[in-house]
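Next come the chains, spelled out residue by residue.
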Amino acid sequence: MAGRNGRTVRDLRRANRSAVLQRLYFDGPLSRFELGPATGLSSGSVSNVVADLVADGLVEEAGSVDSDGGRPRTLLRVAPASGHMIGVDVGETRVRVELFDLTLTELARAERPLEQQRYDVEVIVDHIRSGIDEVLAATGLAPERLLGVGTGVPGIVERTPDRGAVVHGQTIGWDAIPLESLLRSGSPLPGTVPYLIDNGAKTLGQAEMWFGAGRGARNALVVLFGSGVGACLVTPEAEHGRAVEWGHLTVRVRGRRCRCGALGCLEAYAGAESLLARWHEEGGRVPQGTDEETALTAMLAAAYPADGTAPDPVALAVLEETAEYLGAGLSDLINLFQPERILMGGWAGLQLGSRFLPAVRKHALSYALRHPAEKVTIELGRLGPDAVTVGAAILPLADFFARGGRRPDPDPESPPPAWRTALRDRAPR
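Residues numbered from 1 in each chain as written. Predicted model: local features only at pLDDT ≥ 70, side-chain atom pairs only at ≥ 80, totals over all residues. Heavy atoms only, no water.

Under an unreviewed UniProt entry, the name given to the chain is ROK family protein, and the source organism is Streptomyces marokkonensis. Under the UniProt heading Sequence similarities (unreviewed entry), the entry covering the chain gives this text: "Belongs to the ROK (NagC/XylR) family." (UniProt positions renumbered as here; feature names shortened; annotations may be inferred.)

This is how it looks when you write it as C-alpha cells:
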C-alpha cells in the first residue's frame, strides 16, 4: 500500500534498513541508543531494524560500553563476511581484479599485464573474466554470494536500455564498446550478480571521498595522473561525483598531438606516456623493453638521484615543465569549480609523489585567481595504487545499501541498480 507521497511500507523498511546499515558502516560500532539520533529513527524503529539486520546476518555485536547509571550498551557493527564485492581496474599498464569483504578488506587479487594488444577488447574481457575466476578460487567463495562486480575504465561511460554500459574511449580506440554486455555474455557469474561500470577517475574519486583524503569535503576534485590524466568532480550538486575529461583541456594552440587526435591537450604534455616520449625526444636515456611504470621510475631516479650524484638535466627539465603544465591545468579547475580540496592519485601521481607535488602546487596557485586559490588545498590521495579497484567495488556496495541490504532481485524486469542514489546519499560523517 502506498502512502500520500507514493512510498510503500516496503519502501520505508528499505530506507530504514539502509539508514542503519550506512551509519554502522561509516561510524560504527554504535549502540542502539546512538543509532536513533544518527539516523533520525525512533528507538522502536531502530530496535526493529537492528533485529531484522541481525537475523539476516548483516549486523553483529561488537562488545559493549558503560551507560550512565544503567546496563552496559551493546555495540553493533556491520558483519564483514556478510557480503563480498569485486573491484576491477582496467588500467593503463595492467588489469587489476580484487575481491573484498563488506568492509572493503582485500581478500584476494589477480593482475594481468597489458602489453602489445593493450586495449584489445577481447583481451580485456578475457582478463577480467579470468581474474574473477582466480580470486573466487583463491578464497573458495561461491559466485552467487557476490553482491556485484564494479569496473573502472578509461573513457566516457553511457548507460543504454538495450546494451547496458557502453564505453566511449577515444584515446584507447574504444568506440561505443558494449562492455557490460560483453562481460555478461559467457560470464562465469549467475545472472543475479550485476556488472557495474564507470569511469576510472570517478571510481578513484569515490574511493578517496568515502575512505581517503577527501572524506568530509563537500567540494573536491580528485585527479588521476597516469598514462593520461583525468579528474572526478564532487560538489553538493554532484555528490556522487562526475567524471571530467580534464586531460583534453587545450593548453597549447597547435601543440603536440594527443592520443585523442587533437592538438595541444593537457594529456599530450602531462600524461606519463607523453612525459616519457618528451624525455626520449630530448635525448634522455629511456629504458627500452620496459613498461611505463618501470620507465617512469628510472626517469624519477635520474632527475632526483638518491646517491648524491648530479641529476640528469634532461629528465629534470622535462619533469619541471610537466609540473608547470599540470599546475596550469589545475588552475583552470580551481577557477571553474572553486574546490576546497584537490587530491592527486593514479600510479604516476603516486610514483612522483612528494617530490613532484610542491612544484605542481606552486604553479597551480600562481596561475589561479587569488580568492579561490587561497581556499584550496592540494595534496596526494591516501589510498595508494588500489584506489580505483576500491572505488569500483563501491559501486555494488552502494547498490547494496540502496536496497537496504537486500541482494539484487533475480527478476530481469526489476528496476535497474540504484547505486547512483546511494552514492549521492552516503554522506559519511
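Read on, since the account is not over.
Below, the discussion takes up the overall build of the chain. Across its full length, the chain carries 14 helices and 16 strands. Taken over C-alpha atoms, the radius of gyration comes to 23 Å for the chain, in line with the 22 Å a tight globule of 429 residues would show. Here the C-alpha coordinates of the chain stretch approximately 70 × 50 × 45 Å along the principal axes. A sequence separation of at least 24 residues applies to 61% of the contacts in the chain between residues at least 6 apart. (Helix = DSSP H or I, 4+ residues; strand = E, 2+ residues; numbered from the N terminus. Rg over C-alpha atoms; globule rule 2.2 N^0.38 Å. Contact = heavy atoms within 4.5 Å.)

This brings us to the packing of helix α6 (residues 200–211) against helix α13 (residues 387–402). Where α6 contacts α13, the two axes come as close as 7 Å, and the packing angle between them is 75 degrees. Taken together, the axes of α6 and α13 lie roughly perpendicular to each other. Contacts between α6 and α13 involve G200, T203, L204, Q206, A207, W210 and F211 from the former and A387, V388, V390, G391, A392, I394, L395, L397, A398 and F401 from the latter. Considering only residue class, the contact of α6 with α13 consists of 13 nonpolar, 4 polar and no charged. (Axes fitted to C-alpha atoms, helices over the stretch in contact; angles between N-to-C directions. Parallel < 35°, antiparallel > 145°, perpendicular 65-115°, else oblique. Nonpolar A, V, L, I, M, F, W, Y, C, P; charged D, E, K, R; others polar.)

A few words now on the sheet that holds strand β7 (residues 146–153). An order of β6-β5-β4-β7-β11 is seen for the 5 strands of this open sheet, with the pairing classed as mixed. Every interior strand has two partners, whereas the edge strands, β6 (106–113) and β11 (195–199), have only one. The sheet shows a mean angle of 15 degrees between the axes of neighbouring strands, direction not considered. The sheet contact formed by β7 and β11 spans 5 bridges and is parallel. Paired with G152 across the bridge in β11 is D198. (Pairing = 2+ DSSP bridges.)

Attention shifts here to the sheet that holds strand β8 (residues 156–160). Sheet architecture is open: 3 strands sit in the order β8-β9-β10, paired in antiparallel fashion. A strand with exactly one partner marks an edge of an open sheet, and here the two such strands are β8 and β10 (174–177). Adjacent strand axes in the sheet meet at a mean angle of 20 degrees, parallel and antiparallel pairs treated alike. Examined bridge by bridge, β8 and strand β9 (residues 164–169) share 5 bridges and lie antiparallel to one another. Within β9, the residue paired with E158 across the bridge is V166.

Here the focus is the pattern of salt bridges. Scanning the model with the defined rule gives 25 salt bridges in all. Ionic pairing is found between R94 and E293, a salt bridge with its closest N-O pair at 2.7 Å. One end of the pair, R94, is in strand β5 (residues 94–101); the other, E293, is in helix α9 (residues 292–303), and 199 residues separate them in sequence. Exposure remark for R94: the relative accessible area of 22% places this residue in the partly exposed category. One salt bridge connects D198 with R159, and the closest N-O pair in it is separated by 3.3 Å. Here D198, found in strand β11, pairs with R159, found in strand β8; they are 39 residues apart in sequence, far enough to count as distant. A relative accessible area of 5% places D198 in the buried class. Of the residues examined, R159 reaches a relative accessible area of 35% and is grouped as partly exposed. Among the ionic contacts, a cluster of salt bridges with common partners joins R94, R96, E98, E106, R109, E111, E293 and D386. (Salt bridge = Lys/Arg side-chain N within 4 Å of Asp/Glu carboxyl O. Buried < 20%, exposed > 50% of the residue type's maximum accessible area, 1.4 Å probe, protein only.)

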